[in-house]
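# Observations on chain architecture
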Amino acid sequence: MSELSVTVRVPVRFSEMDPIRVVWHGNYLKYMEDAREAFGRRYGLSYKLMVDSGYYCPLFDYHVRFAHSADYEDILLVTIKYKPAKGAKICFEYEIYRERDNALVLTASTIQLFTTVDGVLEPSEPEFYRKWKSQYPELK
């Protein structure tokens, strides 16, 4: 295995539309969160594990490039890929496609940093994360 990735199907709901009848741009963050949660379930890196280990992992950096819009009742295919990185951070890349015509809707990337549950930035990799990464030596 040379890549850790998951694809989730996300139906666009009417409440996610904006006044110009396309998905409001802020909702794509929610779709990426759905993918992050699916990734955590599949590969054992869940938010529950982080919290139980004494950490949160908030978003620090987010980049997005839009290519096409999505409409009400579209099904979106949201793919998340883990990107190995040095340091106390988790990096992901995303691609979102419309299922009906396989059009690329957007590409994005996120960086999450570790904080203690008290909100203090953790500058070194937490032990649970080092242990998790050691399961996938081929990703280094």
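Before reading further, recall that the structure is shown in the block above.
Residues numbered from 1 in each chain as written. Predicted model: local features only at pLDDT ≥ 70, side-chain atom pairs only at ≥ 80, totals over all residues. Heavy atoms only, no water.

Attention shifts here to the pattern of salt bridges. All chains considered together, the criterion is met by 11 salt bridges. We note a salt bridge from Glu93 to Lys83, for which the minimum N-O separation is 3.8 Å. Remark: Lys83 occurs in strand 4 (residues 75-83) and Glu93 occurs in strand 5 (residues 89-98); sequence separation between them is 10 residues. For Glu93, a relative accessible area of 38% puts it in the partly exposed group. Take Lys83: its relative accessible area is 30%, and that puts it in the partly exposed class. Linking Arg130 and Glu127 is a salt bridge whose minimum nitrogen-to-oxygen distance equals 2.9 Å. Residue Arg130 and its partner Glu127 are both found in helix 3 (residues 127-134); the two are separated by 3 residues, about one turn of the helix. With relative accessibility at 39%, the residue Arg130 sits in the partly exposed group. (Salt bridge = Lys/Arg side-chain N within 4 Å of Asp/Glu carboxyl O. Helix = DSSP H or I, 4+ residues; strand = E, 2+ residues; numbered from the N terminus. Buried < 20%, exposed > 50% of the residue type's maximum accessible area, 1.4 Å probe, protein only.)

The subject of this paragraph is helix 3. Restricting attention to buried positions, one finds in helix 3 the residues Phe128, Tyr129, Trp132 and Lys133. Along the long axis of helix 3, the arc covered by the buried residues comes to 135 degrees, so they all point the same way. Exposed side of helix 3, more than 90 degrees from the buried face: Glu127 and Lys131 are the residues found there. The secondary structure elements touched by the buried residues of helix 3 are helix 1 (27-43), helix 2 (47-52), strand 2 (55-56), strand 4 and strand 5. (Arc of directions from axis to C-beta. Contact = heavy atoms within 4.5 Å.)

Using the criterion set out here, one finds 17 aromatic pairs in the structure. Relative to Phe92, the ring of Tyr82 lies with its centre 6.1 Å away and its plane at 70 degrees, an arrangement referred to as edge-to-face. On the criterion of sequence distance, the pair formed by Tyr82 in strand 4 and Phe92 in strand 5 is long-range, its members being 10 residues apart. With respect to burial, Tyr82 and Phe92 carry one shared label: buried. (Phe/Tyr/Trp six-rings, centres within 6.5 Å; stacked < 30°, edge-to-face > 60°.)

Read from one edge of the open sheet, 5 strands run 1-4-5-6-3, paired in antiparallel fashion. Looking at strand neighbours, the two that pair on one side only are strand 1 (5-11) and strand 3 (59-66), the edges of this open sheet. Looking at each pair of strands side by side, their axes are set apart by 20 degrees on average, direction ignored. Relative to strand 6 (residues 104-113), strand 3 runs antiparallel, the two being bridged by 7 bridges. What sits directly across from His63, in strand 6, is Ser109. (Pairing = 2+ DSSP bridges. Axes fitted to C-alpha atoms, helices over the stretch in contact; angles between N-to-C directions.)

All right, on to the environment of Ala35 then. Among the structural elements, Ala35 can be located in helix 1. Residue Ala35 is classed as buried on the basis of its relative accessible area of 0%. Sequence-wise, Ala35 and Ala103 are 68 residues apart; in three dimensions their C-alpha atoms are separated by 19 Å. If near-sequence neighbours (up to four positions away) are discounted, Ala35 is found in contact with Val8, Val78 and Ile80.

Taken together, the side chains of Val51, Tyr56 and Val117 make up a nonpolar region of the molecular surface, amounting to roughly 250 Å² of accessible area. As for its placement among the helices and strands, Val117 is situated in the loop between strand 7 (115-116) and helix 3. Classification of Val117 by relative accessible area gives partly exposed; the value is 42%. (Patch = residues over 30% accessible without salt bridge, like charges linked within 9 Å, V, L, I, M, F, W, Y side chains within 5 Å. Areas by Shrake-Rupley, 256 points an atom, 1.4 Å probe, with all protein chains shown as cover.)

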